[in-house]
Amino acid sequence: MTIVPRTGIGVDVHAYAPDDAPQPLWLGGLLWEGERGLAGHSDGDAVAHAAADALFSAAGMGDLGTHFGTSRPEYAGASGTTLLAEAARIVRSAGLEIGNIAVQFVAQRPVFSPRREESERVLSAAAGAPVSVSATTSDHLGFTGRREGVAAVATALVYPVQ
């Protein structure tokens, strides 16, 4: 039998938390001290959320909101790594294995490259599969360029377990 891999795409966007309700910044499974945090039902970790969303997309199992949406109070304040680990568990329970996940993070700040390897280790441990993270700016264009928020796009490859 030929194993046919499946690919999925996940996108996540979060606005920065308002000045009158500051939040810590969690991105790529890491706490970024001294950086403005993001608003969200959970911790706002757009990198981890996009990775989880890509897994659900590849598996044909809905999306992040389907599994962890605002109607699920038990996920209020949950860490992105918790959501990614749970997404990986759900996908595996459906008889699929994870090949890899790749995430592209878009924002003016924080500067991601000094902590890339640390983030990849944390996210790979949560997913139980290789996760790579790359980052770019939007050259000061759009909402990310105006520092109103961040975006992340991810792809995931899964395949049936034989």
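Residues numbered from 1 in each chain as written. Predicted model: local features only at pLDDT ≥ 70, side-chain atom pairs only at ≥ 80, totals over all residues. Heavy atoms only, no water.

A.B. asks: Quick question: what am I supposed to make of the overall build of the protein here?
C.D. replies: Counting secondary structure elements, the protein contains 5 helices and 6 strands. The linear arrangement of helices and strands in the protein, starting from the amino end, is β-β-β-α-α-α-β-α-β-α-β. Its C-alpha radius of gyration of 15 Å places the protein within 12% of the 15 Å reference for a compact globule of 162 residues. Over its C-alpha atoms, taken along the principal directions, the protein stretches across nearly 55 × 35 × 25 Å. Considering only contacts within the protein whose residues lie at least 6 apart along the sequence, 74% involve residues at least 24 apart. By element, 55% of the accessible surface of the protein is carried by carbon and sulfur atoms, the whole surface being about 7,700 Å². Charge-centre separation for the protein: the mean point of 11 positive side chains lies 3 Å from the mean point of 17 negative side chains. (Helix = DSSP H or I, 4+ residues; strand = E, 2+ residues; numbered from the N terminus. Rg over C-alpha atoms; globule rule 2.2 N^0.38 Å. Contact = heavy atoms within 4.5 Å. Areas by Shrake-Rupley, 256 points an atom, 1.4 Å probe, with all protein chains shown as cover. Lys, Arg positive; Asp, Glu negative; His and termini not counted. Charge placed at Lys NZ, Arg CZ, Asp CG, Glu CD.)

A.B. asks: Just checking my understanding: could you explain the packing of helix α1 (residues 46-59) against helix α3 (residues 80-93) for this structure?
C.D. replies: Helices that pack against each other are described as a pair by the angle of their axes relative to one another and the distance between those axes. Their axes nearest at 8 Å, the elements α1 and α3 cross at an angle of 10°. Put simply, α1 runs roughly parallel to α3. Here the hand of the crossing between α1 and α3 comes out left-handed. Residues A48, H49, A51, A52, L55, F56 and A59 of α1 form the contact with α3, whose own contacting residues are G80, T81, L83, L84, A87, A88, I90 and V91. Across the contact of α1 with α3, the residue classes tally to 12 nonpolar, 3 polar and no charged. (Axes fitted to C-alpha atoms, helices over the stretch in contact; angles between N-to-C directions. Parallel < 35°, antiparallel > 145°, perpendicular 65-115°, else oblique. Left-handed = near helix turned anticlockwise from the far one by under 90°. Nonpolar A, V, L, I, M, F, W, Y, C, P; charged D, E, K, R; others polar.)

A.B. asks: Looking at this structure, how should I read the pattern of salt bridges?
C.D. replies: Oppositely charged side chains can pair when the atoms bearing their charge come close. Per the stated rule, a full pass over the model turns up 7 salt bridges. Residue E35 pairs with R109 through a salt bridge whose shortest N-O separation is 2.5 Å. Of this pair, E35 sits in the loop between β3 (30-31) and α1 while R109 sits in the loop between β4 (96-106) and α4 (116-127), and the two are 74 residues apart along the sequence. The class of R109 is partly exposed, set by a relative accessible area of 32%. The partner of E97 in a salt bridge is R92, and the shortest N-O contact between them spans 2.9 Å. (Salt bridge = Lys/Arg side-chain N within 4 Å of Asp/Glu carboxyl O. Buried < 20%, exposed > 50% of the residue type's maximum accessible area, 1.4 Å probe, protein only.)

A.B. asks: Looking at this structure, I do not really get α1. What am I missing?
C.D. replies: One full turn of an α-helix is made of 3.6 residues, so residues set three or four places apart face in the same direction. For α1, which comprises 14 residues, the first-to-last C-alpha distance of 20 Å matches the rise-based estimate of 20 Å (1.5 Å per residue) to within 8%. G60, located one to two residues past α1, shows a positive phi value of around 70°. (Expected span 1.5 Å × (residues − 1).)

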